[in-house]
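# Tertiary structure, described
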Amino acid sequence: MAVSGRTPDYEIPPVVETYLSVQFTPLAQFSIPHFGLYWTKIRENYPAFQVQSPLGPVIEQFGAGQFVQPKLGVELVPVPEVRCWFIAKSGAMLTQVQRDRFIHNWRKLKPEDVYVHYDKIKPSFSDEWKNFCEFLDETGLGKPEVNQCEMTYVNHIELGQGWKSYGELNKVIACWSGTFSDNFLPAPESVNIGARYILPDNKGRLHIEMQPAITQNAKEILQLNLTARGKPESSNLESILEWFDLGHEWIVRGFTDFTAKEMHNFWGRKI
Amino acid sequence: MNELQQFASARYTGTVMYGGTVVVENVSSCFITATVTSGSVLTYTSPIVSNLGGYAQWSVVIPTRALSQWQIQGIKRLNEVLSLPKNWDSYGSCPPTHAAANTAMDLLTGIDIDYFVAPRVVPVSGGGLQLEWEIGVRALELEILNDGSVEYLTTERREPHEEGRIRMLNEVRSLFLWLISPGSIQMAA
């Protein structure tokens, strides 16, 4: 697929959260005290923390190695696996760390908050990642061997804002015609959509998931998540950022392709 | 005899494939206190932490498919009340506060009873709101004050039965069960 020119942009995009995640081979020596040591390094900017359960590894596979035998089990490990959230003063930025992941999130707190574009998020991630790698180096924990990069955009498309019911889903999703072959079925009560696309040269996948949901302030929404995931050329920062550039392009262009022109007008498409 | 306490972590894992995406799920993560006696006997006490595997996503939403029909109806009614303008009662009242709205959402989404009825949702002057159920001869009113605290009143045959303050979500579950217990329906018949 040939892509060129500037990526689409909107006056009021429905993005409520973005995150950039780097997954690496588990750091063998990284243990509970290191969360505290790392926090002392970033505490001025991230004064609050929360302990969360860890995320499992996710790997995009291609070709012969694509089949993996499913397995289930219970394992006892000597050290509790945890993930730590370090929350910025503003409450809008978050850094998440676990033994094999580093994640940097931005979220919209109030409806009037302006979406922070990728060209602002990217340097912010870059600074935090460099800081984390410096910490690992200083404490002798080694250099992370990156096996996946992941980027997600979370969009909330509110019911009543450009569409009124699932009978009007064709106004939201470009490839949803809203028509039936024999006109037997009524308008759907609810719709979930999941789609996957392969990035060029098997550099990863774009996952699109749409599900009806309700926000904490009782608004009915469609949550449309676009996640790009794949392996960078190497573990160095340049390769990671290069992969994120590709992931970002696929998310933004994918979002525009997947959603309908009526909603683009509603969100004030500029480019 | 040496006794010591230590932490162990039990992880239920599953490897699944979605197309070409391999996902290793940590379905739960438990920290278990283990008492080791004479180096040979392990006594496991109850888990002190048990969480479902999470997501990297920070913003919280509730997927509609995780909710029962009564909860969805209740949330729709709550949304209407939260959309009230200032001075909705012509006595200068503000719409329900964020604290009241958050508590109402917790009450509507935090109880795992599949078959129930959606409440009436009514605003209360001063930024609060009230959730009301009436089944058979019994009725339950949960008044959510503007600071998010909750008081309840139960009635039977329109006579006051019990009132008090709610501190734990589980207490509401007991009230729901009282409301739908066979006694309520039989007395109505």
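Residues numbered from 1 in each chain as written. Chains lettered and ligands numbered in written order. Predicted model: local features only at pLDDT ≥ 70, side-chain atom pairs only at ≥ 80, totals over all residues. Heavy atoms only, no water.

## Let's talk about the overall build of chain A
The line we're drawing: Where helices and strands are cited, they refer to DSSP runs of H or I of at least four residues and of E of at least two residues respectively, numbered from the N terminus. A radius of gyration in this sense is built from C-alpha atoms; the matching globule rule multiplies 2.2 Å by the number of residues raised to 0.38. Relative accessibility decides the category of a residue: with a 1.4 Å probe and only protein chains considered, values under 20% of the type maximum give buried, values over 50% give exposed, and everything between is partly exposed. Residue contacts are counted whenever heavy atoms from the two residues lie within 4.5 Å of one another. Per-residue accessibility takes into account occlusion by the displayed protein chains alone, with areas from the Shrake-Rupley method and a 1.4 Å probe. For this count, His and the chain ends are skipped, Lys and Arg are scored as positive, and Asp and Glu as negative. The atoms used to mark charge sites are NZ of Lys, CZ of Arg, CG of Asp and CD of Glu.
Scanning chain A from terminus to terminus reveals four helices and eleven strands. For 271 residues, the compact-globule estimate of 2.2 N^0.38 gives 18 Å, and the C-alpha radius of gyration of chain A, at 20 Å, lies within 12% of that figure. Seen through its C-alpha atoms, chain A measures out along the principal axes to roughly 65 × 45 × 40 Å. Out of the 271 residues in chain A, the part that is buried amounts to 49%. Of the contacts made within chain A by residues no fewer than 6 positions apart, 72% connect residues no fewer than 24 positions apart. In the structure as shown, chain A presents an accessible area of about 13500 Å², 52% of it carried by carbon and sulfur atoms. Positive and negative side-chain charges of chain A, numbering 27 and 32 respectively, have mean locations separated by a distance of 2 Å.

## Examining the sheet that holds strand 6 (residues 120-124) of chain B
All names here are of chain B. Rules: In this analysis, strands are considered paired if DSSP registers two or more bridges between them. Helix axes are fitted only over the stretch in contact, all axes being lines through C-alpha atoms; the angle between N-to-C directions runs from 0 to 180 degrees.
Strand order in this open sheet of five strands is 6-7-8-9-10, and the pairing throughout is antiparallel. Two strands bound the open sheet, and with one partner strand each, they are strand 6 and strand 10 (159-166). Taken over all neighbouring pairs, the strand axes of this sheet differ in orientation by 20° on average, direction set aside. In the packing of helix 2 (residues 98-109) onto the sheet, contacts are made with strand 7 (128-135), strand 8 (138-144) and strand 9 (150-156), and the angle to strand 8 comes to roughly 145°. Sitting on the sheet, helix 3 (residues 169-180) is in contact with strand 7, strand 8, strand 9 and strand 10, with an inclination near 155° to strand 8.

## Quick look at the side chain of Glu-150 of chain A
Residue and element names in this part refer to chain A. Keep this limit in mind: Any N or O atom pair separated by 3.5 Å or less is treated as a polar contact, with the protein-specific requirement of one donor-capable and one acceptor-capable atom, and with residues adjacent in sequence counted only for side-chain atom pairs.
Looking at the secondary structure, you find Glu-150 in strand 8 (residues 146-158). Given the relative accessible area of 7%, Glu-150 is considered buried. Within the structure, Glu-150 has its side chain in polar contact with the side chain of Arg-229 (distance 2.9 Å).

## Focus: unusual backbone geometry
All names here are of chain B. With phi around 60°, Ser-90 is a residue other than glycine that occupies positive phi space. As for its position among the elements, Ser-90 is in the loop between helix 1 (69-82) and helix 2. Positioned with a positive phi, Arg-157 is a non-glycine residue whose angle comes to about 50°. You can see Arg-157 is positioned in the loop between strand 9 and strand 10.

## With respect to the confidence of the model for chain A
Applicable threshold: Per-residue confidence from the predictor is given as pLDDT, running between 0 and 100.
Per-residue confidence for chain A gives a mean pLDDT of 93, with 94% of residues at or over 70. Ranking the helices and strands of chain A by mean pLDDT puts helix 3 (residues 237-258) of chain A first, with 98, and strand 4 (residues 71-77) of chain A last, with 69.

## Quick word on helix 1 of chain B
How we decide: Every helix has an expected span of 1.5 Å times one less than the residues it contains.
Helix length check: helix 1 of chain B, at 14 residues, gives a terminal C-alpha distance of 20 Å against a target of 20 Å (1.5 Å per residue), a fit within 8%. Within the span of helix 1 of chain B, buried status applies to Trp-70, Gln-71, Ile-72, Gly-74, Ile-75, Leu-78, Asn-79, Val-81 and Leu-82 of chain B. Buried positions along helix 1 of chain B lie against strand 10 (205-215) of chain A together with helix 2, strand 6, strand 7 and helix 3 of chain B.

## Focus on the packing of aromatic side chains
Definition in use: Between rings of Phe, Tyr and Trp, where Trp is taken as its six-membered ring, a pair exists when centres lie within 6.5 Å; planes separated by under 30 degrees are stacked, by over 60 edge-to-face, and by other angles tilted. Geometrically, a lysine NZ or arginine CZ counts as sitting over a ring once it is within 6 Å of the ring centre and also within 35 degrees of the ring normal.
Under the criterion given, the structure shown has 27 aromatic pairs over all chains. Centroid distance Phe-24 of chain A to Phe-132 of chain A: 6.3 Å. Interplanar angle 40°. Geometry classified as tilted. Separated by 108 residues along the polypeptide, Phe-24 of chain A in strand 1 (residues 15-24) and Phe-132 of chain A in helix 2 (residues 118-138) bring together distant segments of the chain. Neither Phe-24 of chain A nor Phe-132 of chain A differs from the other in exposure class; each is buried. Positioned above the aromatic ring of Trp-39 of chain A is the side chain of Arg-43 of chain A, whose terminal nitrogen or guanidinium carbon lies 4.1 Å from the ring centre. A cation sits over an aromatic face here: Arg-107 of chain A above Trp-58 of chain B, 3.7 Å from the ring centre.

## Regarding the pairing of strand 10 of chain B
Pairing analysis gives seven bridges linking strand 9 of chain B to strand 10 of chain B, with the strands arranged antiparallel. Following the sheet pairing, Leu-153 of chain B is matched in strand 10 of chain B by Glu-163 of chain B.

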